[in-house]
Amino acid sequence: MDFKNLEIHSIKSCSAQRARISECSFTDSEIQSCFMDYTRILGSRWGNATFKQMFMEKSLFDDVNLNDSSFINLAMLNTVFDSCTLNESKFKKLAMTDSEFNNANLSGSKFFAADFRNVEIDQDCKLEGMKINGISVKELLELYKEKQNAEKNGFSEKAKQE
């Protein structure tokens with residue numbers, strides 16, 4: 001069917017399985033209470049769109065431009081962010097317990113009122129320029145290692161004398 005230049009004011013209570021919709025414009029439209037499970041949305045423009053009260057479990061967003069977007073009141077448990085650019089983003093009031101950052105570039109980031117209890121930073125992390133309360137973390141770790149070595153060597157010297 002060809003619906004070119006068709007003006008539709010309302011479509012309600014319909015069912016379309018395996019539908020193919022392409023090259024359509026739905027400007028200033030509203031899609032409400034629809035089930036779109038296993039739907040693929042490809043090569044579409046959704047500028048200035050609003051998504052509210054959505055259930056999008058197990059969705060895949062690949063090669064998507066979300067510049068200047070806002071995410072408010074989201075549940076994203078067990079979500080994977082892979083190869084994402086989040087430069088100059090702001091994260092507020094987040095719950096990220098038991099999260100993992102692997103090969104993440106957080107250079108120049110600032111943390112305010114953050115809870116870092118039980119956080120682990122492994123030896124492969126680059127700490128140059130990182131500060132806590134204005135104190136260089138790299139220098140603190142170097143001093144700690146020196147103190148550990150001095151205590152270790154001091155104890156071994158005492159053991160030799162006894």
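(A) Quick look at the pattern of salt bridges. Going through the model one piece at a time under the given rule, you end up with three salt bridges. Residues arginine 117 and aspartate 115 are paired through a salt bridge, measuring 2.4 Å at the closest nitrogen-oxygen approach. Across this residue pair, the class does not change: arginine 117 and aspartate 115 are exposed. The shortest N-O distance in the salt bridge between glutamate 128 and lysine 138 comes to 3.8 Å. Taken together, the positions of glutamate 128 in the segment before strand 1 (131-132) and lysine 138 in helix 1 (residues 137-161) put the pair 10 residues apart, joining distant regions of the chain.

(B) Fine view of unusual backbone geometry. A positive phi angle, close to 55 degrees, is found at aspartate 63, a residue other than glycine. As for its placement among the helices and strands, aspartate 63 is situated in the segment before strand 1. At asparagine 78, a position not held by glycine, the phi torsion is positive, near 55 degrees. Here asparagine 78 shows up in the segment before strand 1. Accessibility expressed as a relative area gives 81% for asparagine 78, which makes it exposed.

Criteria and thresholds
- Residues numbered from 1 in each chain as written.
- Predicted model: local features only at pLDDT ≥ 70, side-chain atom pairs only at ≥ 80, totals over all residues.
- Heavy atoms only, no water.
- Salt bridge = Lys/Arg side-chain N within 4 Å of Asp/Glu carboxyl O.
- Buried < 20%, exposed > 50% of the residue type's maximum accessible area, 1.4 Å probe, protein only.
- Helix = DSSP H or I, 4+ residues; strand = E, 2+ residues; numbered from the N terminus.

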